[in-house]
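Structural description and commentary
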Amino acid sequence: MIQTNEPQDIKKEKILGAAYNRFLHYGYSKTTMNEIAGDLCMSKALLYYYFPDKSQLYIDVMRRLADDYIKLLFAKAGAFGNLKETFEFQINTQHEFMLNNYNFFDFFRLNEQNLPDAIWEIVDQVHQSEKDLLVNAINAGVEKGEIRPLNDAVEIVELILEALHGVSTFSHKKTMFPSKEHLDDIRKKRLLLSDIFIKGLTH
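Because the structure is predicted, anything quoted here is derived from the model rather than measured.

Thresholds applied
- Along each chain, residues carry numbers from 1 onward, in the same order as the chain's sequence is written.
- pLDDT decides what is reported in this predicted model: residues at 70 or higher carry local features, side-chain atom pairs at 80 or more are listed and counted, and totals for whole chains, interfaces and linings draw on all residues regardless.
- The side-chain figures draw on all heavy atoms in the structure; neither hydrogens nor water molecules are used.
- To qualify as a helix, a DSSP run of H or I must reach at least 4 residues; to qualify as a strand, a run of E must reach at least 2; elements of each kind are numbered from the N terminus.
- Residues count as neighbours in contact if any of their non-hydrogen atoms are within 4.5 Å of one another.
- To measure how exposed things are, a 1.4 Å probe is used in the Shrake-Rupley method; for residues, cover is taken only from the protein chains shown.
- Charge convention: Lys and Arg are scored as positive, Asp and Glu as negative, and His as well as the terminal groups of each chain are ignored.
- Taken as the charge centre is NZ of Lys, CZ of Arg, CG of Asp or CD of Glu, depending on the residue.
- Grouping buried Ala, Val, Leu, Ile, Met, Phe, Trp, Tyr and Cys residues that are joined through side-chain atoms within 4.5 Å yields what is termed a nonpolar core.
- The buried label applies to any residue whose accessible area, calculated with a 1.4 Å probe on protein chains only, is under 20% of its type's maximum; exposed applies above 50%, and partly exposed to all values in between.
- The score called pLDDT rates the predictor's confidence residue by residue, from a low of 0 to a high of 100.
- We define a polar contact as two N or O atoms separated by no more than 3.5 Å, with the added condition that, inside protein, one atom must be a possible hydrogen donor and the other a possible acceptor, whereas residues neighbouring each other in sequence contribute only through side-chain atom pairs.
- Working definition: a ring pair exists when centres of Phe, Tyr or Trp rings (six-membered ring for Trp) sit within 6.5 Å. Plane angles under 30 degrees give stacked, over 60 give edge-to-face, the rest tilted.

1. A few points about the overall build of the protein chain
- In terms of helices and strands, the protein chain carries 9 helices and 0 strands.
- In the protein chain, the order of α-helices and β-strands from amino to carboxyl end is α-α-α-α-α-α-α-α-α.
- Taken along its principal axes, the extent of the C-alpha atoms in the protein chain is 65 × 40 × 25 Å.
- Contacts in the protein chain between residues far apart in sequence, at least 24 positions, make up 70% of those at least 6 positions apart.
- Put simply, the protein chain shows about 11,300 Å² of open surface, and 53% of that area lies on carbon and sulfur atoms.
- Across the protein chain, the 24 positively charged side chains and the 29 negatively charged ones have centroids separated by 6 Å.

Given below as structure tokens:
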């Protein structure tokens, strides 16, 4: 059993780790609080002390997962030779992240028409980080003279990110969240679209 005198932050981290493993391998719908408690040799009552329900636990795990993704994005910020490399990095990093965590996101497929506000706040945080990465890359390209001067780099990046997201939506039509077998095709289309976009900025 997990000792009751263990620091609360350590207990919470262990719970988040165990929950992530369950959500990743079995998905949200096939994971129960009893199973997570069992994985930790923890009483169900103690688990509920930290997290009042499964959805709140999922949101906290997603928040930590989003933080990890954002760290990946900015680990190499400023290290790219040009805008094309930055876009390729962002698209490929997102692709690998989605592929490696695909089962975790079944919550989105189950609730895509009624996602909690807390989920959208996390999604917005991720999108803002992607936008910041690309805006900084465009501004750096302008300073180097590789890209023609722009009136509003933020507006341009928002437009291309919406277009890249649209590739996913268009490919699946019926659902917001893509099926796993389509992920690589989406990645290729996004790379092609970003290349067309970049050429438009440099000519």
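2. Some remarks on the environment of G145
- Within the secondary structure layout, G145 lies in the loop between α7 (117–144) and α8 (153–172).
- Separated by 52 residues in sequence, G145 and F197 have C-alpha atoms that sit 17 Å apart.

3. Topic: the nonpolar core
- Residues F23, L57, Y58, F104, F105, F108 and I119 are the most contacted members of the largest nonpolar core, which totals 43 residues.
- At the level of secondary structure, the elements contributing two or more residues to this core comprise α1 (8–26), α2 (33–39), α3 (44–50), α4 (54–75), α5 (83–100), α6 (106–111) and α7.
- The greatest single-element share of this core, amounting to 9 residues, is contributed by α4.
- Contact partners of I119, with chain neighbours within four places excluded, come to Y58, I59, M62, F107 and F108.
- Of all hydrophobic cores here, the second largest spans 16 residues; its members include L134, A153, L161 and I198.

4. A look at the confidence of the model for the protein chain
- The predicted model of the protein chain has a mean per-residue pLDDT of 89, with 93% of residues at 70 or higher.
- No element of the protein chain has a lower mean pLDDT than α8, at 82, and none a higher one than α2, at 96.

5. Digging into the environment of R148
- Within the secondary structure, R148 is located in the loop between α7 and α8.
- Residue classification places R148 among the partly exposed positions, given a relative accessible area of 43%.
- Here the alpha-carbon distance between R148 and G200, two residues 52 residues apart in the chain, equals 9.5 Å.
- For R148, the side chain forms a polar contact with the main-chain oxygen of G200, separated by 3.5 Å.

6. Thoughts on the packing of aromatic side chains
- Summed over the entire model, instances satisfying the criterion amount to 15 aromatic pairs.
- Seen from their ring centres, Y49 and Y50 are 5.1 Å apart, and the 85 degrees between their planes marks the pair as edge-to-face.
- Seen from their ring centres, Y58 and F104 are 4.5 Å apart, and the 15 degrees between their planes marks the pair as stacked. You can see Y58 sitting in helix α4 and its partner F104 sitting in the loop between α5 and α6, a full 46 residues away along the chain.
- For F104, a relative accessible area of 0% puts it in the buried group.

7. Structural notes on the environment of V157
- Along the chain, the position of V157 falls in helix α8.
- Look at V157 and you get buried, because its relative accessible area is 0%.
- Between the C-alpha atoms of V157 and E130, which are 27 residues apart in sequence, the distance is 9.3 Å.
- Apart from residues no more than four positions distant in its own chain, V157 is found in contact with K131, L134, V135 and I138.

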